[in-house]
Amino acid sequence: MMWFNFAKAQSFMPTQGTEIAKQVDNLYGFLLITSFIACVLVIGGMIYFVLKYKRKSDNDKTAYISHNTALEFLWSFIPLVIFLAVFAWGWYIYHGMRTMPKDALEINVLGKQWAWEIEYKNGFKAVNEVVVPVNTDVKLLLTSQDVIHSFFVPSFRIKQDAVPGRYTALWFRAEKLGEFHVFCAEYCGTSHSGMIGKLRVVTREEFDKYMEEGQEEGQLPIAKRGEKLFALKACASCHSVDSPAVKVGPSLFQVFGHEVVLEDGSKVTADENYIRESILQPNAKVVKGFPHGVMPTFQGQINENELNALVEYVKSLK
Amino acid sequence: MGHSSSAHGENYINCEKGLWSWLTTVDHKRIGLMYMITVMFFFFVGGVMALLLRLELFAPNTVQGVGQVLKNGDVYNQVLTYHGAIMVFMVIVPGIPAILGNFFLPIHLGAKDVAFPKINLASWYCFMFGAALAIATFFTHKIDTGWTFYTPYSIRTGTSTVLMVLGAFVMGMSSVLTGLNFIVTVHKLRAPGMTMHRMPLFVWALYSTAILQMLATPVLAITLLLLAAEKLFGVGIFDPALGGDPVLFQHFFWFYSHPAVYIMILPAMGVVSELIAAFSRKVIFGYTAIAYSSLGIAAVSFFVWGHHMFVSGQSATAGIIFSFITMLVGVPTAIKMFNWVATIYKGSVSFDSPMLFALGFLFLFAIGGVTGIMLAVLPIDVHFHDTYFVVAHFHYVMVGGTLMALMGGFYYWFPKMFGKMFSETLARLSFVFIFIGFNVTFFPQFILGAMGMPRRYFDYIPNYEALNKISTVGSWLILTGFLIGLYAIVQGIRKGEKAPMNPWGAKTLEWQTSSPPPHFNFDVEPVVTAGPYEYR
Amino acid sequence: MSTDNITHTHSAHVSHHFKDATQEYDSGKQGIWLFMVTEILMFGAVLVGYGIFHHLYPAMFSEGAKQLDWKLGFINTLVLIFSSFTMAISIQLIQRNQIKKAAMALAVTILCGAIFMVIKYFEWTHKFHMGFYPGRFLDMAKTHAEHANLGMYFGFYYCMTGLHGLHVLIGMGLITWLLIRTIRGDFHSQYWIPVEGVGIFWHIVDLIWIFLFPLLYLVG
């Protein structure tokens, strides 16, 4: 496997910070080698032929070969097989990339022109610096407050757009201690190239200490802020939170993560986007047995941070 | 026509005189030349923008002087947008079809003109009007959205999105009209004996391109109109604040713009098929496979747009499906590559400058192709998406592919278009500079992308400096190459030797008429009895 | 319409690059149809957008549709269908060399287009008066909108009817041009390609309205 490692070493990919990064690099190494062979065959063949069959006189006789079915089948079929194999390999890795682990440490990331705002579960906020414990599944819940940004950590081979108006997510499990670059990869205006953050991978102890220090800054945990807002916006007058009892609207007790039956009989899982949608467009997916148009919309009345807090609060009602 | 007009030295250039006769001409050859002049002008403007970008990236911003050629991020972003928009909408898309296609498609078919000559002229005026609108933004608030106009950035920016978008809309009209003309011409105006399977592959490629232009451009048109409405009246379709979906814009945009990639490359493949056959003096290998793979690529290209959006937040399932279909579109492209190489086998290869450009195309397109496959693989794309790897890939395809073919085709047909020969030495020298300069400029960008440098960056971290320097030096080599090429063309037109009817000994119909052709292309309507590449 | 009745003796109208009138006629017709394909695709894309957001916010769309007067929309539908009929008749009449009657039919077609546009004008101004502006300009207080993003429905409404109205205006202009040429005597039983081309355009414009009417007025 010497040549394989050689190809990988010459691929100029950044440090491998995660297991996924290693998998991606293996596939990339394979692609580099096959591509190199393909180019040598095509370009080399071309150069060999043009030199060998160089015009000698103006009356050269050339062969009349209009086609060759067997050959043409072969050079359609072999690339197809290679492409499909590569596709399947890619699918396998991508599946791992996109399947969010359970019980991951969740961190909210808000993109804005031109910084990353990081918010931890305990309400601690930081700008342009994500601190995560090593060997732990971490899930970043991304959104944006203005235009589309893209959260890109080259060393982890991960990238995900942060889109205003919805949540997107990515996960990783850092295996190396140290600092890694976070770039914005979706063009977002004047300081697009300056929207650089760092991702710091630390030991568990250091992480706990970091969180504690953050806590001491007098911030309430994010779910706590949601609770206050919940009261402030008078949500509690229609939704019960500590029992399945129905008031005007459905109870929110133990709703998060469970399936909800809608009025047309279909089912949705009450995930972050569903809660978000139900706050912003309450009539989009009404729970079975409840009338339309009762709950007012909160579109434009609460900002992204408050929305995060409310979603977090609903999540905490276990 | 009873008499032979060309016998009296009369041709399409000298049959009428004066600027007015050009501005009101409905002759497809003259319209082709008018497109040539305008496209060359825009290529020059877009090229200057590219040089400025590269100059800025020669050093990080911390370096005084050269690192701050463009004042700030805003200026850089504007230059970047103009470079992209001009090169895409005003150079690469109209390039081969509107210049070489307009000139040679009717001649290749043995027709006197395209089906709707007046509409053909109208399409040039559309193009000029659209280009004028786009250029007008330069004198208002400029434009900084990137050529892709992604929402919600394009809605929120203070620059002239609406004007630019209307310009692109009008240029789209021009593209639709050209496509319409070509399809009807191919269907209805072929000379006696010119069956579909006797058409040169260049015509097949233009035909496939025309179908794409007809089917994809309207979707871009309406998307751009909706974007303008969004910006002017805040209709809310793409605006998350009103419950709209900014990602929907990307779906609409790429539904056009991915087929548009093939609008850009298919005609180039057509030109290369002509060049390889002519300079190998050999029948093209797998005529049917090349002809129908063009149509196949055109058809499949409508279902791969999502591969531009693997990290946009579209569902994982959508990503997997788009990746799969993208793999399928790779196959017909590979087939073409193999067919061209097989055509050279046992031929009689000459190294005239058009052939050098064709070989350069094969070389660069092979690299552009394999990196395209890499980008179609999901997890690889997650890393490479929106990095310099992508920038390098599409420059290998668009510049290394389309522009190489355009240059090659231009030199190949130069004697026919102007009735003069150009300096072979200068043309070869131009090729050497462009080819080497191109690789020096863009190969390091693959590595930069692998290292993680995102595209559209005004500034970068110090690790990326060395490769950026190499890349900038390469851009000067390309500049030298094109300047030599320009000189070769001007000198050829002014002082070139008189060109014979068929300087390359090729077999397609345009070489059976005088150089330059008479006003109605042929003195006597040709009757076709054999295929286009009967070198026996 | 068969092309058999075109004889090669009447070649006065054949452009220089066509061999005969049949070739010219076939090319023209194919060109028009191809152009229609682009028109349909263009409106098709808006319909896709409409479909997506209707699926997301059915109640909001239904609220928007309730604000429109379906009776006016219905009258407009009838007017356009009738105009399609007169357009078709005018081609028939020209083929039979009944030029005066054909001119009458074309004039009626233009009139129908004008009636359509007048009704549309009153609908729009009425909506503006009520505060139903598109998108973020929608006057929430004045309209008592239940849905905060009702403006999006009206965004679609104005974009779709506006784009369609623009096509009606272009159609009217083209038919006026036909009318002038008809009166001048350019068209007769051997030559009517422009009339047929514009006719096809006009039918497609009508057809698009037949899609827009239920989607905008009757939905929900």
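Here's a quick rundown of the structure.

How each quantity is defined
Residues numbered from 1 in each chain as written. Chains lettered and ligands numbered in written order. Predicted model: local features only at pLDDT ≥ 70, side-chain atom pairs only at ≥ 80, totals over all residues. Contact = placed C-beta atoms within 7 Å. Helix = DSSP H or I, 4+ residues; strand = E, 2+ residues; numbered from the N terminus. Nonpolar A, V, L, I, M, F, W, Y, C, P; charged D, E, K, R; others polar. Buried ≥ 20, exposed ≤ 12 C-beta atoms within 10 Å, placed from the backbone. Pairing = 2+ DSSP bridges. Axes fitted to C-alpha atoms, helices over the stretch in contact; angles between N-to-C directions. Core = buried A, V, L, I, M, F, W, Y, C linked by C-beta atoms within 7 Å. Domains from an automatic or database assignment.

Contacts between the two partners involve 72 residues from chain A, matched on the other side by 71 residues from chain B. Elements with a minimum of two residues in the side of chain A that touches chain B: helix 2 (19-52), helix 3 (69-98), strand 6 (149-153) and strand 7 (158-162) of chain A. If one sorts the elements of the side of chain A that touches chain B by residue count, helix 3 of chain A sits on top with 15 residues. Residues of the side of chain A that touches chain B, tallied by class, amount to 40 nonpolar, 21 polar and 11 charged.

The next point concerns unusual backbone geometry. With an omega dihedral of -5 degrees, the bond running from Thr151 of chain B to Pro152 of chain B counts as a cis peptide bond. Residue placement: Pro152 of chain B occurs in the loop between helix 4 (117-136) and helix 5 (153-156). For the bond running from Ser515 of chain B to Pro516 of chain B, omega is -10 degrees, close enough to zero to count as cis. Topologically, Pro516 of chain B is positioned in the segment after helix 15 (465-495). Backbone geometry places Gln254 of chain A, a non-glycine residue, at a positive phi of 55 degrees. Position of Gln254 of chain A among the secondary structure elements: in the loop between helix 5 (222-232) and strand 11 (259-261). Under the C-beta neighbour-count criterion, Gln254 of chain A is labelled partly exposed, with 14 such atoms within 10 Å. Phi is positive for Asn97 of chain C, which is not a glycine, with a value near 65 degrees. Judged by local crowding, Asn97 of chain C falls into the exposed class, with 11 C-beta atoms found within 10 Å.

Tallying the contact residues gives 31 residues for chain B and 27 residues for chain C. At the level of secondary structure, the elements contributing two or more residues to the side of chain B that touches chain C comprise helix 6 (161-188), helix 7 (201-233) and helix 8 (246-280) of chain B. The element that contributes the greatest number of residues to the side of chain B that touches chain C is helix 7 of chain B, accounting for 10 residues. Split into classes, the residues belonging to the side of chain B that touches chain C amount to 22 nonpolar, six polar and three charged.

Residue and element names in this part refer to chain A. With mixed pairing, five strands are arranged side by side in an open sheet as 4-10-9-6-7. Where the open sheet ends on each side, the last strands, each with one partner, are strand 4 (129-133) and strand 7. Neighbour to neighbour, the strand axes of the sheet diverge by 25 degrees on average, direction disregarded. Note: strand 9 (residues 178-184) against strand 10 (residues 197-202), five bridges, orientation antiparallel. Paired with Glu179 across the two strands is Arg200, which belongs to strand 10.

The next thing to look at is the nonpolar core. Core analysis: the largest hydrophobic core is formed by 321 residues, its most contacted members being Ile183, Val272 and Leu362 of chain B. The element that contributes the greatest number of residues to this core is helix 8 of chain B, accounting for 23 residues. Looking at this core, you find at least three residues from each of domain 1 (2-49 + 69-98) and domain 2 (105-216) of chain A. Not counting chain neighbours up to four residues away, the residues in contact with Val272 of chain B comprise Trp340, Ala358, Phe361 and Ala405 of chain B. Counting 17 residues, the second largest nonpolar core, distinct from the first, contains Phe256, Leu280, Tyr313 and Val314 of chain A.

Our focus in this paragraph is the sheet that holds strand 8 (residues 168-173) of chain A. Residue and element names in this part refer to chain A. Reading across the sheet, the five strands line up as 3-2-1-5-8 and stay open at both edges, with mixed pairing between neighbours. The open sheet has two edge strands with one neighbour each: strand 3 (125-127) and strand 8. Going across the sheet, the axis of each strand differs from the next one's by a mean of 25 degrees, ignoring polarity. Alignment of strand 1 (residues 105-112) against strand 5 (residues 137-144), held across seven bridges, turns out to be parallel. Each residue of the ladder has a partner; that of Glu106, found in strand 5, is Lys139.

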